[in-house]
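One-letter residues, chain by chain:
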Number of protein chains: 4
Amino acid sequence: MTVKQPARRSERSKQAILAAAAELLAEVGFPKLTIEAIAARAGVGKQTIYRWWPSKGAVVFDALLSRMGEDGDLTLPDTGDLAADLRLLLRGTVAEMGDPGFQAPGRAMTTEIQTDPALAREYRERLLGPNLEAMKTRLRSAREAGQVAADVDLDVAVEVIFGPVYYRWLLRLGPLDDAYADAVAGMALSALR
Amino acid sequence: MTVKQPARRSERSKQAILAAAAELLAEVGFPKLTIEAIAARAGVGKQTIYRWWPSKGAVVFDALLSRMGEDGDLTLPDTGDLAADLRLLLRGTVAEMGDPGFQAPGRAMTTEIQTDPALAREYRERLLGPNLEAMKTRLRSAREAGQVAADVDLDVAVEVIFGPVYYRWLLRLGPLDDAYADAVAGMALSALR
Amino acid sequence: MTVKQPARRSERSKQAILAAAAELLAEVGFPKLTIEAIAARAGVGKQTIYRWWPSKGAVVFDALLSRMGEDGDLTLPDTGDLAADLRLLLRGTVAEMGDPGFQAPGRAMTTEIQTDPALAREYRERLLGPNLEAMKTRLRSAREAGQVAADVDLDVAVEVIFGPVYYRWLLRLGPLDDAYADAVAGMALSALR
Amino acid sequence: MTVKQPARRSERSKQAILAAAAELLAEVGFPKLTIEAIAARAGVGKQTIYRWWPSKGAVVFDALLSRMGEDGDLTLPDTGDLAADLRLLLRGTVAEMGDPGFQAPGRAMTTEIQTDPALAREYRERLLGPNLEAMKTRLRSAREAGQVAADVDLDVAVEVIFGPVYYRWLLRLGPLDDAYADAVAGMALSALR
DNA sequence: AAGTAATCGAGACGGTACGTCATGTCTTACC
DNA sequence: GGTAAGACATGACGTACCGTCTCGATTACTT
């Protein structure tokens, strides 16, 4: 005897809405994206959106999540060589952030998080948190291998690794290329030792 | 022979507008701030705002700038002891970012910069740039004193110092206290050596 | 062999719907009355209403009819004295129309009839028609008694009797009291002779 | 030094709105007429309608009034022969009410008046009142000529004249032709003597 | 007594219109 | 010519109902 929680939701509509949101986000950008446009494109009543999502930001967030397939893995590579792994990881991060397809939604997300606490929570729990945790796991392994000093606060360590990249990306302070990734990786490595 | 550039602009109105913008920003936050409300509060016609500023963001930016008095100094302390100076600097930075009076406008600014290129330019030129430059100047002095490795890219170095703090602040990853400032300062120092 | 026309209709639901409609009509008035509100108040699915009635007006009409008990009698008193009978009848009519409990539904009915032909037909057949017919029957009797001229068109006569009252009521042209009823009765009597 | 009350209203928009309302009323009927459609047809913002009229009914009323040119005359013909004048008047009334172009707006008006007190007041003051007053003036003159009994209440008299016609028209009780007009005129005349 | 089909409550759905809000442009009258 | 005031066309907002639909769950007739 199961509890029927949200009372028969139309999967068809849900998918159409998320798809429309993703498309429009790419076409017009987050600030010019409207609920009405999403509804129209998805062939759906506005109420159907308002029924299931509390805000424009929430729809877009879900759209992005479902596009990313909720990832899955999230275990970082561990070859035993922290320097190499870090370099590889940051090269990947930098490449993703430079990707035009990621830029708009990525910035929109960051922006939206600033004013919508509920969304911020979702973001931290479902996207950011797992990633940071994976990094901490890798660092813990490195610490056991003696590649990271015992007294290093892993939370701070993680921020020292990702913070600079994020900072440069968000404020457009410079190019996000492999050379930059290596430079940050090098400095972070020195910092942790 | 005076330079009467904008012909005949009412200083009275300008001040009223900036004051109203600052007040309303504190009261309702940036997203709920409207041009109409600013005009009403300032006792000014809407057109007077549109005549002199291109966007809501620009008005708010000017309002904040004029509140901060355009600073002035911007030479960082140089006691010769980079570790101490860095610790002091980051403690100050962290304190400012934790200040409730800075939070709302600070986040609004970051947000607005993402979509308004003109504003982004202003921000980088008049606020962020000078601060980063000051930091670089201090690091250059430290390099001459042998406290920073010769091959360190100063642009990256600056991001390694400020990036983590900014990251933690923007995404609310943890407390911004003196212990945190010291931890980042310590790691940054190791990274630069 | 029974007729089982509507197959298997829930009497319980039907009564709940009619009661809810009557209550809500009194509370919010016809224009602000909604099918959804009736369904909610009656504890009934919307479909159950749509299954058995074609329109909001039809539900309300049925509600009113069932409240009035479908009358029954509808033979006007005939004392032999047309003047007295007419006065009595109009005093009764006028009193009913002035009754606050009749006003709202009465006006709503008149209003609804203007746009819904099916409803209009129902109204004429089940309510108005029988009343007019009863009046005509009384006049016919009066004609035989020589109190009404032989060449009078009874259809017109009926309208001359009820028309003025209805006119004053609908357009709120003046008070609906006994004096008025008597005045109309007097004039009608002169008109018929 | 004049007081500028409503602060510069666009005559252009006003006319476009009234014209659009009149057209749409004829095309779709009052119940299916929407403010949005009027605004769209008139090439006007919805707000401009809401700024100057309180309800759909008020717009339509104004549209009808301006179409009728606010009449002007409103003195009924007085040939000295009340019977002839009455017959003529009622034939005209009956013809107008039978006119398909009058039917829809006429019924809509009657309907709307039932629920909108402000509109009802307007209607009585600007349309109905003057007409009834004109009729009373004519009857007064007839009374002086001895064609109407001295003790007749003119308010009631007017209702006895127009009431039957209105009744037959609104409830669609029968044809509105000259024969009917004459019949009512004849009865009314008898009633008044 | 079991099978079965119509009816029931609930409420999601695609829509339309609502009345409000803010946008950025414009026009007018004042100084 | 800049200004306060505010009307204007535009367009999105979030809500209310519309009338249709699909779901189990009764429920009352068959067989």
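Cut-offs used in this document
Position numbers for residues start from 1 in each chain and track the written sequence from start to end. The lettering of chains begins at A and the numbering of ligands begins at 1, in the order of writing. Per-residue local features are limited, in this predicted model, to residues with pLDDT of at least 70; the limit for side-chain atom pairs, both in listing and counting, is 80 or more; totals at the level of whole chains, interfaces and linings are taken over all residues. Excluded from the side-chain calculations are hydrogens and water; all other atoms, namely the structure's heavy atoms, are used. A run of DSSP states H or I qualifies as a helix once it reaches four residues; a run of E qualifies as a strand once it reaches two. Both are numbered from the N-terminal end. Here the term buried applies to any residue with accessible area under 20% of the maximum for its type, exposed to any over 50%, and partly exposed to those in between, with areas from a 1.4 Å probe on protein chains only. Should any heavy atoms of two residues lie within 4.5 Å, those residues are counted as being in contact. Shrake-Rupley sampling with a 1.4 Å probe provides the accessible areas, and residues are treated as covered by the protein chains on show and by no other component. Residues scored as positive are Lys and Arg, those scored as negative are Asp and Glu, and His as well as the terminal groups of each chain are ignored. For this purpose, a charge sits on NZ of Lys, CZ of Arg, CG of Asp or CD of Glu. Buried area: the accessible area, evaluated with a 1.4 Å probe, that two parts lose upon being put together, summed over both parts. Counted as salt bridges are all cases of a side-chain nitrogen of Lys or Arg within 4 Å of a carboxyl oxygen of Asp or Glu. Under this definition, polar contacts are N or O atom pairs within 3.5 Å; protein pairs additionally need one hydrogen-donor-capable and one acceptor-capable atom, and for neighbouring residues in sequence, both atoms have to be side-chain atoms. Cavities and pockets were defined on a 1 Å grid built from protein atoms only: a cavity is a group of points that admits a 1.4 Å probe but offers it no way out, a pocket is an open group of points flanked by protein on both sides within 12 Å along at least five of seven lines, and a lining residue is one with an atom within 4 Å of any such point. Grid points are joined across faces, edges and corners, and a volume is the space filled by probe spheres set on the points. Under the grouping applied here, Gly and all other residues not named as nonpolar or charged are polar, the nonpolar ones being Ala, Val, Leu, Ile, Met, Phe, Trp, Tyr, Cys and Pro and the charged ones Asp, Glu, Lys and Arg. When at least one non-hydrogen atom of a residue lies within 4 Å of a molecule or strand, that residue is treated as near it. Between 30 and 60 degrees the pair is tilted, below 30 it is stacked and above 60 it is edge-to-face, where a pair is any two Phe, Tyr or Trp rings, Trp via its six-membered ring, whose centres lie within 6.5 Å. Counting as a charge over the ring demands two things of the Lys NZ or Arg CZ atom: a distance within 6 Å of the ring centre and an angle within 35 degrees of the ring normal. Superposing the copies works by least squares over the C-alpha atoms of residues that have pLDDT at least 70 in both of them. Delimitation of the domains relies on an automatic or database domain assignment.

Asks: Which parts of the structure should I look at to understand the overall build of chain A?
Replies: The helix and strand tally for chain A stands at nine helices and zero strands. Seen in sequence order, chain A has helices and strands lined up from the N terminus as α-α-α-α-α-α-α-α-α. Its C-alpha atoms give chain A principal-axis dimensions of about 60 × 50 × 25 Å. Out of the 193 residues in chain A, the part that is buried amounts to 45%. Residue pairs at least 24 apart in sequence account for 65% of intrachain contacts in chain A once pairs closer than 6 positions are excluded. In the structure as shown, chain A presents an accessible area of about 9,800 Å², 52% of it carried by carbon and sulfur atoms. Each charge sign in chain A was given a centre, from 24 positive and 26 negative side chains, and these centres are 8 Å apart.

Asks: Is there a simple way to think about the interface of chain D and chain C in this case?
Replies: A common measure of how large an interface is: the accessible area buried when the components associate. Contacts between the two partners involve 35 residues from chain D and, on the opposite side, 34 residues from chain C. For the chain D and chain C pair, buried surface summed over both sides reaches about 3,200 Å², with 70% attributable to carbon and sulfur atoms. Taken together, chain D and chain C are joined by two salt bridges. For C:E159, the salt bridge goes to D:R168, with nearest N and O atoms at 2.9 Å. Our count for the contact surface shared by chain D and chain C stands at twelve residue pairs in polar contact (both at pLDDT 80 or more). Listing elements by their share of the side of chain D that touches chain C, those giving two or more residues are α6 (100–113), α7 (117–144), α8 (154–171) and α9 (178–192) of chain D. With 13 residues, α8(D) is the single largest residue contributor to the side of chain D that touches chain C.

Asks: How do you make sense of empty space enclosed by the protein when you look at a structure like this?
Replies: Over the atoms rolls a probe the size of a water molecule, and in doing so it shows where empty space is left. Residues and elements named next belong to chain C. For the coordinates displayed, the defined rule picks out five cavities of 30 Å³ or more. Roughly 40 Å³ of internal volume is contained in the largest cavity. In this structure, the largest cavity is lined by L76, P77, L82, D85, L86, L89, M135 and R138. Residue assignment for the lining of the largest cavity shows that the elements contributing at least two residues are α5 (82–98) and α7 (117–144). The biggest single contributor to the lining of the largest cavity is α5, with four residues. Each residue belonging to the lining of the largest cavity can be placed in one class, and the counts come to six nonpolar, no polar and two charged.

Asks: Any chance you could explain the protein's contact with DNA strand E here in plain terms?
Replies: Around DNA strand E, the structure places 37 residues, and the nearest of them are A:W52, B:E36, B:K46, B:Q47 and D:Y50. Counting only the atoms of DNA strand E that lie within 4 Å of the protein, the sugar and phosphate share comes to 65%. C:R51 places a side-chain nitrogen or oxygen 3.1 Å from a phosphate oxygen of DNA strand E. C:W52 places a polar side-chain atom, nitrogen or oxygen, 3.0 Å from a phosphate oxygen of DNA strand E. Within the residue set of the surface near DNA strand E, elements represented by two or more residues are α3 (46–52) of chain A, α2 (35–42) and α3 (46–52) of chain B, α3 (46–52) of chain C together with α2 (35–42) and α3 (46–52) of chain D.

Asks: Before we go on, may I ask you to explain the protein's contact with DNA strand F in this structure?
Replies: Neighbouring DNA strand F are 38 residues, the closest being A:K46, A:Y50, C:K46, C:Q47 and D:G45. Sugar plus phosphate, as a fraction of atoms of DNA strand F within 4 Å of the protein: 66%. Take B:W52: an N or O atom from its side chain is 3.1 Å from a phosphate oxygen of DNA strand F. Measuring from a phosphate oxygen of DNA strand F, one finds a side-chain N or O atom of D:S13 at 3.1 Å. Among the secondary structure elements, those contributing two or more residues to the surface near DNA strand F are α2 (35–42) and α3 of chain A, α3 of chain B, α2 (35–42) and α3 of chain C together with α3 of chain D.

Asks: Just to check I follow, could you spell out the packing of aromatic side chains for this structure?
Replies: By convention here, two paired aromatic rings are described through the distance between centres and the angle between planes. Applying the stated criterion across every chain, the model contains twelve aromatic pairs over all chains. Taking 5.8 Å as the distance between ring centres and 50 degrees as the angle between the ring planes, the aromatic pair formed by D:Y166 and D:W169 counts as tilted. With D:Y166 and D:W169 both in helix α8, this residue pair falls three residues apart, about one helical turn. Given a relative accessible area of 3%, D:W169 falls into the buried group. Three or more aromatic residues link up through ring pairs in this structure, and these residues are A:F102, A:Y166, A:W169 and B:Y167. Between the NZ or CZ atom of D:R168 and the centre of the ring of D:Y180, over which it lies, the distance is 3.8 Å.

Asks: What is the right way to read the relation of the copies chain B and chain A from this model?
Replies: Once chain B has been moved 0.0 Å along the axis and rotated by 180 degrees, it coincides with chain A to within an RMSD of 0.2 Å. Overall, the copies show the geometry of a two-fold rotation axis. Taken together, the interface assignments show that 100% of the residues at the interface of chain B recur at the interface of chain A, consistent with an identical surface on both copies.

Asks: Which parts of the structure should I look at to understand the relation of the copies chain D and chain C?
Replies: Between the two copies of this chain, the relationship is a rotation about some axis together with a displacement along it. When chain D is brought onto chain C, the operation consists of a screw motion whose angular component is 179 degrees and whose axial shift is 0.0 Å, with 0.2 Å RMSD remaining. A shared binding surface is used by both copies, with 97% of the interface residues of chain D retained as interface residues in chain C.

Asks: How should the domain arrangement of chain A be read in this particular structure?
Replies: All names here are of chain A. Structurally, chain A comprises domain 1 (6–68) and domain 2 (82–192). Relative placement of domain 1 and domain 2: their C-alpha centres are 29 Å apart. At the interface, ten residues of domain 1 touch ten residues of domain 2. The three residues of domain 1 that bury the most area against domain 2 are F30, F61 and L65, which together make up 55% of that side's buried surface. At the junction of domain 1 and domain 2, the tally comes to zero salt bridges. At the boundary of domain 1 and domain 2, one finds one residue pair in polar contact (both at pLDDT 80 or more). Among the elements that make up the side of domain 1 that touches domain 2, the one with the highest residue count is helix α4 (residues 56–67) (six residues).

Asks: Would you explain the interface of chain B and chain A in this entry?
Replies: Facing the 34 residues of chain B at the interface are 34 residues of chain A. Seen at the junction of chain B and chain A, the total is two salt bridges. The interface formed by chain B and chain A contains twelve residue pairs in polar contact (both at pLDDT 80 or more). Among the elements that make up the side of chain B that touches chain A, the one with the highest residue count is helix α8 (residues 154–170) of chain B (twelve residues). Of the residues contributing to the side of chain B that touches chain A, the split by class is 21 nonpolar, six polar and seven charged.

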